[in-house]
Amino acid sequence: MDEHIEDDERVALAALSSSAARRKTHSYSQQLRTGSGQKRQHQVRKHSLDEDRIPKNIERYYNNHDSSDDDFYPHSAAAGFPPKSGSFSSGAGEYLSHRLDQNLCTDSPEESRPSLAEFIGSGGGAGIFKVPVRAGVHPGRPPCLELRPHPLRETQVGKFLRTIACTETQLWAGQEGGVRVWNTADAYEPGWGVGGRIRRGDEDAAPFLESVNTSPTMCLMVDPANRLVWSGHKDGKIRSWKMDQTLEDSPFKEGLSWQAHRGPVFCLTISSYGDLWSGSEGGVIKIWPWESMEKSLSLTQEERHMAALLVERSFIDLRSQVTINGVCNISSSDVKCLVSDKVRAKVWCAAAVSFSLWDARTRELLKVFNIEGQIENRVDVQSGTDQQVEDEMKVKFVSTSKKEKSGGFLQRSRNAIMGAADAVRRVAKGAGGAFTEDNKRTEALTITSDGTIWSGCTNGFIVQWDGNGNRLQDFQHHPAGVQCFCSFGERVYVGYLSGTVQVLDLDGNLLAGWVAHSSPVIKMASGTDYIFSLATHGGIRGWTIASPGPIDGMLRSELAAKEPVCTRRDNFKILIGTWNVGQGRASPEGLKAWLGSAATDAGIVVVGLQEVEMGAGFLAMSAAKETVGLEGSSIGQWWQDTIGKSLDEGTTFERMGSRQLAGLLIAIWVRKNLRTHAGDIDASAVPCGFGRAIGNKGGVGLRLRIYDRIMCFVNCHLAAHLEAVNRRNADFDHIYRNMVFSRSSNLLNNAAAGVTTAVQNIRGSNAGNGDEGRPELSEADMVVFLGDFNYRLHSISYDEARDFVSQRCFDWLREKDQLRAEMKAGKVFQGMREALIRFPPTYKFERHQPGLAGYDSGEKKRIPAWCDRILYRDNRASATGECSLECPVVASILQYEACMEVTDSDHKPVRCKFSVDIAHVDRSVRRQEFGEIFRSEKIRTVLEEYRRVPETIVSSNGISLQNQETAVLKISNKCVKDNAVFQIICEGLSAVKEEGQGSEHRPRGSYGFPRWLEVTPAAGIIKPDQFEEVSVRHEEHQTQDDSADGIPQNWWSEDTRDKEVVLKVNIRGSRSNQTKTHRVSVRHTFTAPRPTRVDSKSKSSKKIHGGNSINRFDFRQLSSSSSSDAHDDHRYLHSP
C-alpha cells in the first residue's frame, strides 16, 4: 500500500511524529480509543473496525488522485520535518492508522505541540486574492508625522474629533466634549496624555492640552490678530479660547461665550471687516459685529454675563433681512460652509445645492445661484412634515391569505423585500429628495490664493467659480465624495470620503495623490511645516509642505533604518468555532465541550453559527428588516448570551460585537487583558439565497483592528446539495467581492463622529481601500472563513464513506473532498490555508445519537462530508515567512478538530485554534525618530528651498486719504522665476490725537479693515517681474438706522476723528512657509479739502512689463502707467 501514499502526505505525517503526548481536550479520537463498555453499548455499529472490512477496491482511491508536493506545508521549517522516505513497510496501513490516531489523542500542553501541517489553495498570488503589500514605511504615500495615531473607536466615546484649525505654532481640534490644542514645538515628544494623565486612546498621541467639557464642537475659526480661537457648538453657543494656554491651565476654560443660535453652529468665518459670521440649521446666517465683540472682550471675568448679553443682542439676522412677506430669497437648507473672500470683501455661503453671495461691508445679498451656476429667484417656504410616512412603512411583509400563500415561499419573500425597499425609497425621496440630488450636494468650500472659489461635491466633482459667482469649470480626479479642502500657496489639497488626499494646482491639474487614512478625511489645515489631515476615526497626520518631492525618499530611507528601534512583536491565540445548529439549542455541556475547555488560553474567541432560525416567515421578515437597517432576533441573542456565559463573559472576556443575517450569526469576544489593543469593530452581511436577496445562504463578517492590524472573520453558509459545486464557488466569490464593512446596530460603543451622513454609507471600492476596485477583504492582514461550506465527498458511495470513517482512513477521504479539489484548481478560497483534516466528517448525523452510529441512516442516507470548515489567509505571500513589518501577521494552527460528543444538531461543531504573531510599530517612538530626522541638517537644507520669499517692492509706505478718495498701491515682484503670493491685512487702527500722533493701534477681528477703508484686491498672485495695482479707497461709512434685535446699530458707528491704520502687505512664495512684510500707513483726514500728493518724486518713468495679475475677477485699472521701479511712480489722489 505504500506506493500509493503521496509524498506530501509523508511530510505531513512526519510532522506529527514529534507530538506523542496526550491531549487534555475531548474529541472524537477519545471515543475511538476508549475501551469503555459503557461507550460501546450506545454505539450500534453497522461497519466493523476490522481490517478485512476495508473495501477491496480501495486501490482506485490512490491510483486516481493527483496531488503535488506543494499542496501541504508545515508551518515552519524548524518543526523538524524529515526528508521524504522511499517507501513504507508492509505494515504501512497499520502505521498510518497508528500515526493518525496518535495525533488525535495527544494530551500535551499547546506550547510543546508543533503547528499542524497545512493545505494551501491555488490562485492566491494575483488579482483580488493577492496578499496586501505591507512595509515598515508605507511605500504608496509620503512619510508623515503621526501627531495623533489612529485611536480605537471604542476609546473615543464622547471625545470624537470633528474639526481642526492651525495657528502659527499650534493645532487646535474640536471634539465632542470641548477643544484640545497641540503645541507644534512638542509635536515629536512621546505621548503622555492630557496634562500628564494618559487617557485610553491617546497613549501614543503627542502631548496636548484640553479644555473643560462643553457641548460638542462643530467648527473652529482662528483669529490671529487677537490671539483667539472661536468655536461653534452643537448647543448653539459660540465660545472664544485664548491661544496662550499653559500646562497649569489644563483643563483650560473659555473666554467669551454666548447663545448664538437655537440649533447647532455648523460653520464660522471672519469677514474682511472683522465681523464674525455664523451659519446654522434652516439656512440661518447671523453676523456678530466686531465692535460689540471688542467691547465684550474688554470686560472682566466678573462682567462675563454682561459681556455675553452685549454680544447676544448685537446680531444681524441676514435671513430675516431678505425675507419679505414670508418669502425668503435664500435656501432654508442647513448652512454647510461659510468662506470669507478677502480678495473682494465678500462672503460665500453654501447650502447643500445652492449658494448665496454677500457683501462683507454692506452685508447685502448680491446673488443666489445653484450648483449649476444658474441664478435662482427662490421662493423658499419651510416644508411641512413628511406625509404618508407611516402609511408607507406599514408594509405587509408576509401575506396571510390563502391565495397569496399559494404563490410559494420564493414569491412571497421577493414581494416582501421589494415592497419594503420601495417604501423606504419613496419615504426617503419625499423627505428630502436625497436619492435624486445627493450626488450633487456641496460638502466643502474654499478660496485659493488666486482668488477663485472651489466647491466640492459628494460625487467627487470639484467646481471652480470666479469671485462674482460665475462657474468657470468642473473636473473630477477621484470617484469618492469631496469632504474638505486646504489651500496653501499655489496648491490645493483635497480630502475625500475614501481617505484619499490629492494635491492639485490652481488650474485643477492633479499633481499627486495617496491614501492618507483608512477612513474619510473630514478636515485639513495648513501649519508652518505641515498640512494636517483629520480622519473620522480621530487620527491626525501631518504631511510636509515639500511633499510630494525628493524629501519623501530621504525621509523614507531614514525611517527604514530606524525600523528595528520602532518594531514591537506580540503573540496571542485565537479560537474559532463554527456550528450549524439546525434551529436547535445547545446544552451547557455541549457548549463547554466545544468552547469552554479550548478557550482557557485564547485571547480572542470568534463563533459562527448557521441555521440559528429558519422558516419562510422568519426569512422574509429578516429580509424586510435588513432593508430598513434592522437585524437580529431573540434566538440569536439567546445564543450570544449563552455562549458568553460559557466563556465567563464580563469577568474574563468582553463581547465586542456581532452580526446576524437571517439564520447566520457571528460574534466575537476579546479577553480583557487584550482589550486595550483591540477595537474598531465593523460588521457586514451579504445574502446569497434566492437571487442574492435572502439570508438563508450567504455570509456575515466582523472586522477587528488589533495592534494596528486588520483581521476579518467571515461566517458563511453556502449552497447545499452534492452537485451544486459551482454555485458554492459563486457564493464565495460573491461574498468575497461584496463584503463591505460598516458599523452595525449590534456593535458596542456605536457612537458617531459627527460627520456628514454620507460618511456612514461608504460602499464599494471607495471605502478606504488602498487599491481601487479591490474588495475590503483583500486589504485585511488576516482573513478567516468559517462556516457550513456544504462541500461534499464526490465519487464515493454512502457505504464506502462509512467504511473509510470506521477505519479512520481520513487521508483517502480527503482525496474525495470537493473543497480540496476546487481549491487545488484555484476556483475557490484562492490562496487560503487549512490544516490537514484529522477528524471524521461532521455531516450528517441523527440528533442525540453519539458515535459513528449517529450518521444519517434514513431513507436519503446522505453521504458523510466535511461541510463545516475553517480556512484562513495571513500576510505570507509564500508558504513560509517570518513575522516582520513587511509580513506583520503570521499565523499557525495549533488545533483543528470536531467535537463529536456534541449531539444537539445534525452537524458537529468544529473548532480551530490559531497562534498569531503580530509585528507592529511603536508609534510614539517612531514619532520621536521622525522628529530627529526631520530636524536634522540634511532635511533642513532641503526645506530651505521652501523658505525662499520672492523680492518685492511696494510703491509707498504712507498714504493720506480724504472722503471717498482713492489711491493706488503698486506691489512689484522683482523675482524673475517665482510667483509672489500677497495678502494685505490691517495690523491695527487708531484715532489721531489733537497733536497729530496716533494712539495705540488695535487690530480688528482677524486683522480686518475698518468699514471706511476698501482695499481691492486684498490678496492675489503676482507673476515674475510683474506688478499688481491695489486700490486703497475711502468709503463713506453709512450708519444703519435699522436695528438688530431691537437695538439701534448706530451706537457702534465709528467716530469722525482722523483715523490711521497700518496695512501689512505679507509676501510668500508659491510654496513658502515664510513671510516677508511691508508696512503701509494709511491716514484718513476729515479736513484739507484739496488733493494730497502721495509721492513727491518726478513723474518720469519707463515701461516694464504690463501690470498682470492672475486674480480671476473683473478689476478696473485705475492707471495704465508703469515704471521700472515702484518708487519712481507718481500718483495724485483725487476725489471722484
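Residues numbered from 1 in each chain as written. Predicted model: local features only at pLDDT ≥ 70, side-chain atom pairs only at ≥ 80, totals over all residues. Heavy atoms only, no water.

### Some words on the overall build of the protein
Next, step 1: When helices and strands are tallied, the protein shows 24 helices and 55 strands.
Next, step 2: In the protein, which comprises 1136 residues, the proportion classed as buried is 60%.
Next, step 3: Across the protein, contacts joining residues at least 24 apart in sequence account for 69% of those joining residues at least 6 apart.
Next, step 4: A total accessible area of about 44,600 Å² is found for the protein, and carbon and sulfur atoms account for 48% of it. (Helix = DSSP H or I, 4+ residues; strand = E, 2+ residues; numbered from the N terminus. Buried < 20%, exposed > 50% of the residue type's maximum accessible area, 1.4 Å probe, protein only. Contact = heavy atoms within 4.5 Å. Areas by Shrake-Rupley, 256 points an atom, 1.4 Å probe, with all protein chains shown as cover.)

### A word on the environment of Gln464
Next, step 1: Secondary-structure assignment places Gln464 in strand β24 (residues 461-465).
Next, step 2: Residues Gln464 and Leu506 lie 42 residues apart in sequence; the distance between their C-alpha atoms is 9.7 Å.

### Digging into the pattern of salt bridges
Next, step 1: Inspection of every chain in the model, using the stated rule, returns 53 salt bridges.
Next, step 2: Two residues, Arg162 and Glu176, come together in a salt bridge whose shortest N-O distance is 3.4 Å. Taken together, the residues Arg162 in strand β4 (residues 161-166) and Glu176 in the loop between β5 (170-175) and β6 (178-183) connect sequence positions 14 residues apart. Of the two residues, Arg162 and Glu176, neither departs from the other in class, the shared state being buried.
Next, step 3: Here Arg869 ties to Glu834 by a salt bridge, and the two come within 2.7 Å at their closest N and O atoms. In this pair, Arg869 is assigned in strand β42 (residues 868-873) and Glu834 in strand β41 (residues 833-835), connecting sequence segments 35 residues apart. Each member of the pair, Arg869 together with Glu834, is buried.
Next, step 4: Put simply, Arg148, Lys159, Arg180, Asp202 and Glu210 are held in one network by salt bridges that share partners. (Salt bridge = Lys/Arg side-chain N within 4 Å of Asp/Glu carboxyl O.)

### Quick word on the packing of helix α13 (residues 550-561) against helix α23 (residues 923-934)
Next, step 1: In contact at an axis separation of 10 Å, α13 and α23 are set at 130° when each is read in the N-to-C sense. Looking at the two axes, α13 sits oblique to α23. In the crossing of α13 with α23, the sense of the turn from one axis to the other is right-handed. Residues Ile551, Leu555, Glu558 and Leu559 of α13 touch α23, and the partners they reach there are Arg926, Phe930, Ile933 and Phe934.
Next, step 2: Looking at the contact of α13 with α23 residue by residue, the classes come out as six nonpolar, no polar and two charged. (Axes fitted to C-alpha atoms, helices over the stretch in contact; angles between N-to-C directions. Parallel < 35°, antiparallel > 145°, perpendicular 65-115°, else oblique. Left-handed = near helix turned anticlockwise from the far one by under 90°. Nonpolar A, V, L, I, M, F, W, Y, C, P; charged D, E, K, R; others polar.)

### Considering the packing of aromatic side chains
How two aromatic rings sit relative to each other is given by the distance of their centres and the angle of their planes.
Next, step 1: Taken as a whole, this structure holds 34 aromatic pairs when the rule is applied.
Next, step 2: Ring plane angle 85° and centroid distance 5.7 Å describe the contact between Trp348 and Phe369, whose orientation is recorded as edge-to-face. Of this pair, Trp348 sits in strand β19 (residues 346-350) while Phe369 sits in strand β21 (residues 365-370), placing them 21 residues apart in sequence.
Next, step 3: Put simply, the rings of Phe129, Phe732, Tyr736, Phe785, Phe789 and Phe829 touch in pairs and so form one group of aromatic residues.
Next, step 4: It is Arg585 that lies over the ring of Trp638; its NZ or CZ is 4.8 Å from the centre.
Next, step 5: Between Arg728 and the ring centre of Tyr791, over which it is positioned, the NZ or CZ distance is 5.1 Å. (Phe/Tyr/Trp six-rings, centres within 6.5 Å; stacked < 30°, edge-to-face > 60°. Lys NZ or Arg CZ within 6 Å of the ring centre and 35° of its normal.)

### Thoughts on the pairing of strand β47 (residues 966-973)
Next, step 1: Buried residues dominate β47, accounting for eight of its eight residues.
Next, step 2: Along β47, one buried face is formed by Thr966, Val968, Lys970 and Ser972 and the opposite face, lined by Ala967, Leu969, Ile971 and Asn973, is buried too.
Next, step 3: Bridge count for strand β45 (residues 952-954) against β47 is three bridges, and the pairing is antiparallel. Bridge pairing links Ile953 to Ser972 in β47. (Pairing = 2+ DSSP bridges.)

### Overview of the sheet that holds strand β8 (residues 217-223)
Next, step 1: Overall, antiparallel pairing links the four strands, which are arranged β8-β9-β10-β11 in an open sheet. The open sheet is flanked by β8 and β11 (257-259), the only strands paired with a single partner. Within the sheet, the average angular offset between the axes of one strand and its neighbour, ignoring direction, is 15°.
Next, step 2: Alignment of strand β10 (residues 237-242) against β11, held across three bridges, turns out to be antiparallel. Its bridge partner lying in β11, Arg239 is registered against Ser257.

### Observations regarding helix α17 (residues 634-646)
Next, step 1: Given a rise of 1.5 Å per residue, 13 residues ought to cover 18 Å, and the 19 Å separating the end C-alpha atoms of α17 matches this to within 8%.
Next, step 2: Among the residues of α17, Ile635, Gly636, Trp639, Gln640, Thr642, Ile643 and Gly644 are the ones counted as buried.
Next, step 3: Along its buried surface, α17 packs onto β33 (567-580), α15 (588-596), β34 (604-610), β35 (653-661) and β36 (664-671). (Expected span 1.5 Å × (residues − 1).)

### Some thoughts on the nonpolar core
Next, step 1: Counting 59 residues, the largest nonpolar core has Phe572, Ile604, Met711, Phe713, Tyr896, Phe914 and Val916 as the members making the most contacts within it.
Next, step 2: Listed in part, the 45 residues of the second largest apolar core include Cys166, Ala525, Phe532 and Ile551. (Core = buried A, V, L, I, M, F, W, Y, C linked by side-chain atoms within 4.5 Å.)

### Quick notes on the sheet that holds strand β28 (residues 500-505)
Next, step 1: Reading across the sheet, the four strands line up as β26-β27-β28-β29 and stay open at both edges, with antiparallel pairing between neighbours. Whereas interior strands pair on both sides, the edge strands pair on one side only; in this sheet they are β26 (482-488) and β29 (510-515). Across the sheet, the mean angle separating the axes of adjacent strands is 20° when strand polarity is ignored.
Next, step 2: Bridging between β28 and β29 involves five bridges; their strand directions are antiparallel. Paired with Gln502 across the bridge in β29 is Gly513.

### Notes on the side chain of Asp505
Next, step 1: Considering the arrangement of structural elements, one finds Asp505 in strand β28.
Next, step 2: Residue class for Asp505 comes out buried when judged on its relative accessible area of 18%.
Next, step 3: Among the polar contacts listed, one links the side chain of Asp505 to the backbone nitrogen of Asp507, at a separation of 3.0 Å.
Next, step 4: From its side chain, Asp505 meets the backbone nitrogen of Asn509 in a polar contact 2.7 Å long. (Polar contact = N/O pair within 3.5 Å; in protein donor to acceptor, adjacent residues only side chain to side chain.)

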